[in-house]
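Coordinate inspection notes
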Amino acid sequence: MLYDELYFCTFYVFFSFNLPAAEVDNYRLDAGDEIKILVYDEPDLTIETIINDDGNINFPFIGLVSVTGKTVPEVQKIIHDGLSGDYLLNPSVQVDIMTYRSFYIHGEVNQPGGYPYQPGLNVDQAVALAGGLTNRASVSKIYVKKSQTEGEQNVKLTYAVSPGDIITIKQSFF
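Counting from 1, residues in each chain are numbered in the order their sequence is written. The model is predicted, so local features are restricted to residues of pLDDT at least 70 and side-chain atom pairs to those at 80 or more, both for listing and for counting; the totals for chains, interfaces and linings are taken over all residues. Think of the side-chain values as coming from all heavy atoms in the structure, minus any hydrogens and water.

**Quick notes on the sheet that holds strand β7 (residues 113–115)**
A pair of strands is considered paired only if DSSP assigns at least 2 bridges between the two. By definition, any uninterrupted DSSP run of H or I lasting at least four residues is a helix, any uninterrupted run of E lasting at least two residues is a strand, and each is numbered from the N terminus. Here five strands make up an open sheet; going across it, the order is β7-β6-β10-β8-β9 and the pairing mixed. A single partner strand is all that each edge strand has here, and the edge strands are β7 and β9 (152–155). Shown here is a sheet whose adjacent strand axes are inclined to one another by a mean of 25°, direction ignored. Here strand β8 (residues 137–145) pairs with β9 via four bridges, running antiparallel. From the neighbouring strand, Tyr143 faces β9, where its bridge partner is Asn154. Fitted lines through C-alpha atoms serve as axes, helices being fitted only where they are in contact, and the angles separating the N-to-C directions of these axes extend from 0 to 180 degrees.

**Observations concerning the environment of Tyr143**
With respect to the helices, strands and loops of the structure, Tyr143 is situated in strand β8. Overall, the relative accessible area of 22% leaves Tyr143 in the partly exposed class. Each C-alpha atom, one on Tyr143 and one on Thr168, is 5.1 Å from the other, the two residues being 25 residues apart in sequence. Any two residues whose heavy atoms approach within 4.5 Å at even a single point are treated as in contact. Apart from residues lying up to four places away in sequence, Tyr143 is in contact with Glu152, Gln153, Asn154, Ile166, Ile167, Thr168 and Lys170. Pairing of N or O atoms within 3.5 Å defines a polar contact, subject to two protein rules: one partner must be a possible hydrogen donor and the other a possible acceptor, and residues neighboring in sequence count only if both atoms are side-chain atoms. At 3.5 Å, the side chain of Tyr143 and the side chain of Asn154 are in polar contact. Type-normalised accessible area, obtained with a 1.4 Å probe on protein chains alone, sets the label of each residue: buried when under 20%, exposed when over 50%, and partly exposed for intermediate values.

**What to know about the pattern of salt bridges**
Whenever Lys or Arg places a side-chain nitrogen within 4 Å of a carboxyl oxygen from Asp or Glu, that contact is recorded as a salt bridge. The tally for this structure, following the rule as stated, stands at five salt bridges. When the shortest N-O distance is used, the salt bridge between Asp33 and Arg101 registers 2.7 Å. Of this pair, Asp33 sits in the loop between α2 (21–26) and β1 (34–39) while Arg101 sits in the loop between β5 (93–99) and β6 (103–107), placing them 68 residues apart in sequence. Among the residues examined, Asp33 registers a relative accessible area of 0% and is labelled buried. Judged by relative accessible area, Arg101 falls into the buried class, the value being 15%.

Below you can see the structure in the form of structure tokens.
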């Protein structure tokens, strides 16, 4: 019985916290994301860093690198190209996302605030992290704002949440 419970937990963790490679390759980095950059056979060039508010990281030998809006493969290429020639002949660079930026939920939830993003998260799960809905919450007036430039979009509880999203649960009128 204990073995089955352990197997279930391991199975659950594996699928709930890992994004498929295609999704990671399409994910756009932004301020607040923590990344790890590994240059094989060069331990002094392996760093973990949080992308600053300006969207930059500071990498040895290269200096400030703008990574906001770029994908993991694009950042790998920038680091590779920056190290090639002057510093290394053919550097092998790997970039991994260690921690995603937070999402925010407010309005008619019991504990509004910012929460760490987890891959695969939907609005219903975000509401659960925020302590559930209040008695006045409307399940049809849920809005998500994706970025500073985009407006709010009315969504359902099954809508997929992304890092940096701002979720607003409006009040019901009855």
